[in-house]
Number of protein chains: 2
Amino acid sequence: MPQSLDRTDKALLIALQDNARLTNAELADSVALTTSPCWRRVKLLEESGVITGYQAILSPKALGYGVTAFVSVMMESHSRETARAFEQRLLEIPEIIACHNVSGRYDFLLEVLAKDLESFGEFAREVLQTLPAVKEIYSSFSFKSVKPLRQIPVQE
Amino acid sequence: MPQSLDRTDKALLIALQDNARLTNAELADSVALTTSPCWRRVKLLEESGVITGYQAILSPKALGYGVTAFVSVMMESHSRETARAFEQRLLEIPEIIACHNVSGRYDFLLEVLAKDLESFGEFAREVLQTLPAVKEIYSSFSFKSVKPLRQIPVQE
DNA sequence: GGTGAAAGCGAGGACCA
DNA sequence: TGGTCCTCGCTTTCACC
């Protein structure tokens, strides 16, 4: 699948990961190419699945979310059905902005946004605790995001 | 700071969060506006800090990262200095793609990418364990990302 | 808040080296 | 692969409602 990215591809990925709204001309400039080959390479990176999309990054605070919580969830059972029902339900809940099925003491790790601690408490009681087959949850709150950018390393 | 977003602003945010490469014309169309007011509104959203940037989303797998790990870190002390040194060091390590200072049993929660389990093991030993003032670390591996999109909810 | 017009530039493709 | 050229449509910024 990774059809060996050369130096130029990597430079494109770095540039686009940093600013997805660069015009093709600016992008071409930044990697010392003309616009056509630049455009072709970007399309290839999209088609081959290296670039999976483009997102505007929004400020949770500006949208009224003062609390970020990490919620570890332990399930009552580990059957296929239990996991499926749980996962499907998760997808419908916008406050849960990320979820991983993980190894270790707990089964899922969720990242949850809430207006404030009080509304998180309510959310935990009314929504999280009532998700299918939940045995136990453990919440940890973010005091501060030390590395907010989430850039996937593109070496060299 | 949130200068009360109206229905149209929210529609713009939803559209851009979904696809940051929409042209201004497409964007205007999707919210039933002409291009000028649409462009003005987007600029305002950027200047007021609601939109903090635009990112190409890359596939970790396509870039050779087969393992995502969540690493909880407990510090030896909780002094200001300790935290600062730790955080500064973190920022230099690209494999750590996210880090939160959190409440609870552990002090920091890191999200780490690695090629495979073996290279994660090495990374944990050579890099993570040698970060300043680390007392204990606990690693949990992602089997699967159930919600990979990380979209901040924009209600209504 | 909104519209419409105008100038210049970029997107996207055909084609060549 | 990369470069040139070309056309259409879009971006961006007006002045104005």
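Since we're looking at a predicted model, the values are computed, not measured. (Residues numbered from 1 in each chain as written. Chains lettered and ligands numbered in written order. Predicted model: local features only at pLDDT ≥ 70, side-chain atom pairs only at ≥ 80, totals over all residues. Heavy atoms only, no water.)

## Some thoughts on the nonpolar core
Soluble globular proteins tend to pack their nonpolar side chains together in the buried interior. Quick note on the threshold: Residues enter a nonpolar core if they are buried and are Ala, Val, Leu, Ile, Met, Phe, Trp, Tyr or Cys, with the set joined through side-chain atoms within 4.5 Å. Here the term buried applies to any residue with accessible area under 20% of the maximum for its type, exposed to any over 50%, and partly exposed to those in between, with areas from a 1.4 Å probe on protein chains only. Strands are runs of DSSP state E lasting at least 2 residues, helices are runs of H or I lasting at least 4, and numbering of each runs from the N terminus. Any pair of residues with heavy atoms lying within 4.5 Å of one another is described as a contacting pair.
In terms of nonpolar packing, the biggest core is built from 50 residues, with L13(A), L63(A), L13(B) and L63(B) touching the most fellow members. At the level of secondary structure, the elements contributing two or more residues to this core comprise α1 (7-18), α2 (24-30), α3 (35-47) and β1 (51-58) of chain A together with α1 (7-18), α2 (24-30), α3 (35-47) and β1 (51-58) of chain B. Leave out the neighbours within four places in its chain, and L63(B) touches L5(A), L13(A), V50(A), I152(A), V154(A) and L58(B). In terms of nonpolar packing, the next biggest core, distinct from the first, is built from 23 residues, L110(B), A114(B), A124(B) and V127(B) among them.

## Looking at the protein's contact with DNA strand C
Note the following rule: Being near a molecule or strand, for a residue, comes down to having at least one heavy atom within 4 Å of it. Definition of a polar contact: a pair of N or O atoms within 3.5 Å, with one able to donate and the other able to accept a hydrogen when the atoms are protein atoms, and with sequence-neighbouring residues admitted only if both atoms are side-chain atoms.
Lining the immediate surroundings of DNA strand C are T23(A), N24(A), A25(A), S36(A), W39(A), L33(B), T34(B), S36(B), P37(B), R40(B) and R41(B). A share of 63% of the atoms of DNA strand C within 4 Å of the protein falls on sugar and phosphate groups. Between a base oxygen of DNA strand C and a side-chain N or O atom of S36(B), the distance comes to 2.4 Å. In the environment of DNA strand C, a base nitrogen lies 2.8 Å from a nitrogen or oxygen atom belonging to the side chain of R40(B).

## Notes on the protein's contact with DNA strand D
Neighbouring residues of DNA strand D: T34(A), S36(A), P37(A), R40(A), R41(A), T23(B), N24(B), A25(B), T35(B), S36(B) and W39(B). Backbone atoms, meaning sugar plus phosphate, form 60% of the atoms of DNA strand D positioned within 4 Å of the protein. Note that a base oxygen of DNA strand D is positioned 2.8 Å from one of the side-chain N or O atoms of S36(A). Secondary-structure elements contributing two or more residues to the surface near DNA strand D are α3 of chain A together with α2 and α3 of chain B. Here the element with the most residues in the surface near DNA strand D is α3(A); it accounts for 4 residues.

## Observations regarding the UniProt feature "domain: HTH asnC-type" (unreviewed entry) in chain A
Formally: UniProt positions are given in the numbering used here, feature names are shortened, and annotations may be inferred rather than shown by experiment.
Here the UniProt feature "domain: HTH asnC-type" (unreviewed entry) sits at residues 5-66 of chain A. Taken end to end, residues 5-66 of chain A has its terminal C-alpha atoms 40 Å apart, with 52% of it in helix and 13% in strand.

## Quick word on the environment of A69(A)
Residues and elements named next belong to chain A. The residue A69 is located in strand β2 (residues 67-75) in this model. Sequence separation of A69 and S139 is 70 residues, and the distance between their C-alpha atoms is 6.5 Å. With sequence-adjacent residues up to four places away left out, A69 is seen in contact with L110, E111, V112, F120, S140 and F141.

## Section: the relation of the copies chain B and chain A
One chain copy maps onto the other through a rotation about an axis and a shift parallel to that axis. Rules: A least-squares fit on C-alpha atoms brings the copies together, and the residues used are those whose pLDDT is at least 70 in both copies.
Mapping chain B onto chain A leaves a residual RMSD of 0.0 Å; the transformation is a rotation of 180° accompanied by 0.0 Å of translation along its axis. Expressed as a symmetry operation, the mapping of one chain copy onto the other fits a two-fold axis. For chain B, the residue whose C-alpha comes nearest the rotation axis is Q55(B), separated from it by 2.7 Å. Interface residue correspondence from chain B to chain A reaches 100%, placing this contact among same-surface, isologous pairings.

## Looking at the sheet that holds strand β3 (residues 96-102) of chain B
Filter applied, for reference: A pair of strands counts as paired when DSSP detects no fewer than two bridges linking them. Axes here mean lines fitted to C-alpha atoms, for a helix over just the part in contact, with angles spanning 0 to 180 degrees between N-to-C directions.
Taken in spatial order, the 8 strands line up as β2(A)-β4(A)-β3(A)-β5(B)-β2(B)-β4(B)-β3(B)-β5(A) and close into a barrel, and their pairing is antiparallel. The sheet shows a mean angle of 35° between the axes of neighbouring strands, taken without regard to direction. Helix α4 (residues 80-91) of chain B rests against β5 (134-147) of chain A together with β2 (67-75), β3, β4 (108-114) and β5 (134-147) of chain B of the sheet, and its axis sits at about 85° to β5(A).

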